[in-house]
Amino acid sequence: MSSLSPPSKKLWWNEPIHKTELMWISLVFVWGLIMTFMMPYWHVVGKQNLGTETYKTTPKAFQASTEAFVEQYTVRNEGPRNFPVVAPPAGGDVYMIARLYDWWPIVELKKGESYRFHLSSLDMQHGFSLQPANINIQVVPNYEHVFTLTPNASGEYSIICNEYCGIGHHLMIGKLLVVD
Amino acid sequence: MVNNEFRTCPDTGLKFYSSAENLLKVNAVAAVVFLLVGGFYGLLVGLTRWQAVHLLAADNFYMVLTLHGLNVLIFWMIFFEIAILYFCSSVLLGCRLATPRWAWAGFVLMVVGAVMNNVIVLQGASSVMMTSYVPMEADPLFYLSLILFAVGALIGCFVFFGTLVVAKAEKTYEGSVPLVTFGAITAAIIAVFTIVSGAIILIPTFLWSVGVVGEIDALAYRLIWWAFGHSSQQINVAAHVAVWYAIAAIVFGARPLSEKVSRTAFLMYIVFLQLASAHHLLVDPGVSANFKMFNTSYAMYLAVMASMVHGLTVPGSIEAAQRARGYSAGLFTWLRKAPWGNPVFSGMFISLVGFGFLGGITGVVMGAEQINILIHNTLYVPGHFHATVVLGSTLAFMAMSYWLVPVLFRRELVLKGIAKWQPYLFGLGMTGVSLFLMGAGTLGVPRRHWDIGFAGTGGITHEFPAAAYTMLALNGMSVILAVIGGAAFCVIMVGTILFGKKLGNQKMAEPCIVAPVTDEEYEANGGSAYAIPGTLVLAMVFFVSFALYYFINWKYLAETWGIA
Ligand SMILES: [Cu+2]
Ligand SMILES: [Cu+2]
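Basis of the calculations
Residues numbered from 1 in each chain as written. Chains lettered and ligands numbered in written order. Predicted model: local features only at pLDDT ≥ 70, side-chain atom pairs only at ≥ 80, totals over all residues. Heavy atoms only, no water. Helix = DSSP H or I, 4+ residues; strand = E, 2+ residues; numbered from the N terminus. Rg over C-alpha atoms; globule rule 2.2 N^0.38 Å. Buried < 20%, exposed > 50% of the residue type's maximum accessible area, 1.4 Å probe, protein only. Contact = heavy atoms within 4.5 Å. Areas by Shrake-Rupley, 256 points an atom, 1.4 Å probe, with all protein chains shown as cover. Phe/Tyr/Trp six-rings, centres within 6.5 Å; stacked < 30°, edge-to-face > 60°. Donors = N, O, S within 2.8 Å, 3.2 Å for Na, K, Ca; no water. Tetrahedral: all angles 85-135°; square planar, octahedral: opposite > 155°, others 65-115°. Patch = residues over 30% accessible without salt bridge, like charges linked within 9 Å, V, L, I, M, F, W, Y side chains within 5 Å. Salt bridge = Lys/Arg side-chain N within 4 Å of Asp/Glu carboxyl O. Disulfide = S-S within 2.5 Å. Buried area = accessible area lost by both parts, 1.4 Å probe. Polar contact = N/O pair within 3.5 Å; in protein donor to acceptor, adjacent residues only side chain to side chain. Pairing = 2+ DSSP bridges.

Asks: What's the story with the overall build of chain B in this structure? I'm lost.
Replies: Looking only at helices and strands, chain B features 16 helices and 3 strands. Relative to the 2.2 N^0.38 estimate, which gives 24 Å for 564 residues, the radius of gyration of chain B is 23 Å and therefore close to what a compact globule would have. Taken along its principal axes, the extent of the C-alpha atoms in chain B is 70 × 55 × 45 Å. A total of 564 residues make up chain B; the buried ones form 65% of that total. If you take every contact in chain B between residues at least 6 apart in sequence, the share linking residues at least 24 apart comes to 83%. A total accessible area of about 18,800 Å² is found for chain B, and carbon and sulfur atoms account for 71% of it.

Asks: What is the right way to read the packing of aromatic side chains from this model?
Replies: Centre distance and the angle of the planes are the two values used to describe a pair of aromatic rings. Tallied over the full model, the rule gives 49 aromatic pairs over all chains. Both rings, one in Trp12(A) and one in Trp13(A), keep their centres 5.2 Å apart while their planes meet at 80 degrees; by these two values the pair is edge-to-face. A centroid spacing of 5.0 Å and a plane angle of 45 degrees characterise the contact between Phe6(B) and Tyr17(B), whose relative ring orientation is tilted. Taken together, the residues span a long stretch of sequence, with Phe6(B) in strand β1 (residues 6-8) and Tyr17(B) in strand β2 (residues 15-17) at a distance of 11 residues. Overall, Phe6(B) belongs to the partly exposed group, its relative accessible area being 41%. Relative accessible area serves as the criterion here: at 10%, Tyr17(B) is assigned to the buried category.

Asks: Looking at this structure, how should I read the environment of Pro382(B)?
Replies: When you line up the elements, Pro382(B) lands in helix α12 (residues 380-409). If we ignore the near neighbours within four places in the chain, the residues touching Pro382(B) are Leu437(B) and Arg447(B).

Asks: Honestly, the coordination of the copper ion (ligand 1) in this entry has me stumped. Any pointers?
Replies: When a metal carries six donors in an octahedron, the ideal angles between them are 90 or 180 degrees, while four donors in a tetrahedron ideally lie at 109.5 degrees. Residues and elements named next belong to chain A. Around the copper ion (ligand 1), the donor atoms from the protein are Cys-161 (SG), Glu-163 (O), Cys-165 (SG) and His-169 (ND1), and they sit 2.1 to 2.6 Å away. Coordination at the copper ion (ligand 1) is irregular: its 4 donor atoms span angles of 82 to 130 degrees at the metal. For the copper ion (ligand 1), the donor residues sit on a single chain with the sequence spacing C-x1-E-x1-C-x3-H. Across this residue pair, the class does not change: Cys-161 and His-169 are buried.

Asks: Honestly, a nonpolar patch on the surface in this entry has me stumped. Any pointers?
Replies: Together, Phe29(A), Val30(A), Leu33(A), Ile34(A) and Phe551(B) give the surface a local cluster of nonpolar side chains, amounting to about 390 Å² of exposed area. With 4 residues, the top contributor of residues to the nonpolar patch is helix α1 (residues 19-45) of chain A. Structurally, Phe551(B) is set in helix α16 (residues 533-558).

Asks: Please explain the state of the cysteines as it appears in this structure.
Replies: Two cysteines form a disulfide when their sulfur atoms are joined by a covalent bond. Residue and element names in this part refer to chain B. Counted according to the given criterion, the structure contains 0 disulfides over all chains. Considering cysteine sulfurs only, Cys-512 is the nearest to Cys-9, which forms no disulfide, with 6.1 Å between them. Left unpaired, Cys-157 is separated from the closest cysteine sulfur, that of Cys-88, by 13 Å. Residue class for Cys-157 comes out buried when judged on its relative accessible area of 2%.

Asks: Where do I start with the coordination of the copper ion (ligand 2) in this structure?
Replies: All names here are of chain B. On the protein side, the copper ion (ligand 2) has His-230 (ND1), His-279 (NE2) and His-280 (NE2) as donor atoms, found 2.0 to 2.1 Å from it. Look at where the donors of the copper ion (ligand 2) fall in the sequence and you get H-x48-H-H. Of this pair, His-230 sits in helix α6 (residues 218-252) while His-279 sits in the loop between α7 (259-272) and α8 (289-297); the two residues are 49 residues apart in sequence, bridging distant segments of the chain. Accessibility expressed as a relative area gives 25% for His-279, which makes it partly exposed.

Asks: Got a minute to help me understand the interface of chain A and chain B in this structure?
Replies: Many authors give the size of an interface as the accessible area that is lost as the parts come together. Counting residues at the interface gives 87 residues for chain A and 112 residues for chain B. A buried area of about 8,500 Å², summed over both sides, lies between chain A and chain B, and 67% of it is on carbon and sulfur atoms. The largest share of the area that chain A buries against chain B comes from Leu4(A), Trp24(A) and Tyr164(A), three residues that together contribute 10% of it. At the surface where chain A touches chain B, the tally comes to 3 salt bridges. One salt bridge in this structure joins Glu163(A) and Arg448(B), with 3.5 Å as the shortest N-O distance. For the pair chain A and chain B, the interface holds 49 residue pairs in polar contact (both at pLDDT 80 or more). Ranked by residue count, the leading element in the side of chain A that touches chain B is α1(A), at 19 residues. Pairing geometry for strand β10 (residues 143-150) of chain A and strand β3 (residues 562-563) of chain B, over 2 bridges, is antiparallel. Opposite Thr150(A), over in β3(B), you have Gly562(B) as the bridge partner.

In short, the description is geometric, and any link to function would need to be established separately.
In structure tokens:
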């Protein structure tokens, strides 16, 4: 009888398990434990563990916080859209707005210093994709996501939207600067 | 109509009740039609992503991408799976179909939903992608069409369960259901869970779109939508694994190495797979790290274990059957002597290897909580699921069709010469699509994105490495290969149904099912058939690739910024 017919041995659950199968199952089981272990292990020794601190917010409230942040730390205006370039103190907070279709403002960070990012959307869901560092974070309206970033190389970075947000999705790109 | 007419297939000895037979036919035909439509949209997507060609304008690109996802990922898959359910219940158990009228009602609802969905999206105001994340809004009829389709599919599942009950009550089979039917049962149970989750999220969203409900929380939407979106893919996995076992039985007369292991692995899909959807939310706000770690691994990756067990036992059962039939020399004679010119086998085997090596490994890697930071919403994601859903499920279903359609319609397969090549062409194209999309994704290229050259932003651009553009061009070429392969499949199927040589009660020119390997055959030569050294070697190659790739990605992760 093949797999298309009822098992020929009625008490199939009493049949012994094939030796190779047993070996493979044991190997896979141990591998599963190793992979399970890797995640908490990385929380202890790894430097890349996205924070999950989150607050309910509103577009209005988040915009107000971001405007206050921009007001306080703007050093110049720059780029085709003449956006403010904001340089917060090392270890300080960074507020960034995602909206149809830009990231606001431009922030300037110091290499090797840590910053507390506050990220939210004023409208649709967006995707914060920092390139070429390749750090990707979902941005959800009405939620303020707080996490820490520590740049490890200086240069000009792009923030590309990688969650489809509407017809101008591909126009949604911003800049982030890291200086030595 | 009296629901007890049946014919006994002269080629397979299977009983086809006319009630089930007609429904099998219409579901299979509908499936192929939506595959053709969705595949065509896929061609347009691939040619637009190829930056030098950049075929469609932005608005059309997002519309066509929405259509591509829905047609192939939902409509083609589910229509075919309903056919599989009816086959695994009515045909394999030799039982009349329960409540054929309900089955027809379900089919009609599915057709109405699928056609309506295409019409609505083509009007241009519902380019919201398959995920339709709120607060992005589509035409209310968009959600309604999906609800109709889902209700139809749910009815199909219940007709399947009903048929199992009838078969049991009328004692049309003895003992336990066949393994393949058992696999279909797990697929159907997961389908019910999927459709209920879909209803929980799509009905309120529909009400919101017509203004009855005020606001839908975007994060809650994601959580529930993925309970639906994730488990819908597990229907495909359970169904195509059942198809793998079916083909091993059809082509080789194989039976599982042990019923207990294969059935337990199917059960593990129900218990450990369908709720494990947090891998879609690993970089979302508001989801705790403990929940992410627990949900992705369920403490020990038992869902992955289930797939890896099938990955061993399917080729293992083939090896055992081949060895029992005399192909016992060396490690791989059993595999070399397999019928590589038979698309039923070659399609199934490419599906098995592609699903495991390309889809499976990458899925587990990007599902690790922290590694996902490198991958979320990049082109790596579609690269991964083209390996699971297309190379895995779609190719398995194509392989099954090469056997099922001639048997069902009593027609000789047409264009056999092309059929012989089709799985290789489609498999090669789709392997390219999968690899090049993943390659572009590792370079940070976003998914669902019309123009990574950033023309039109007024001068704010990002320079992706030249390799990213090369990958997208190679992806476009692979898409062309895959679409030629997919179109060839559709032509062969439609051609067979319309113009294949009628068989009537005549047997086919070549026998289309192999007699089951007997206990005596397995026991001959001291039971040497029970040893499967060749499969073990293949499995170890898989395991080593898996482990290497897994740790390489942790290394990549360690190289990026500090994130806390
Ligand atoms: Cu966007
Ligand atoms: Cu999933």
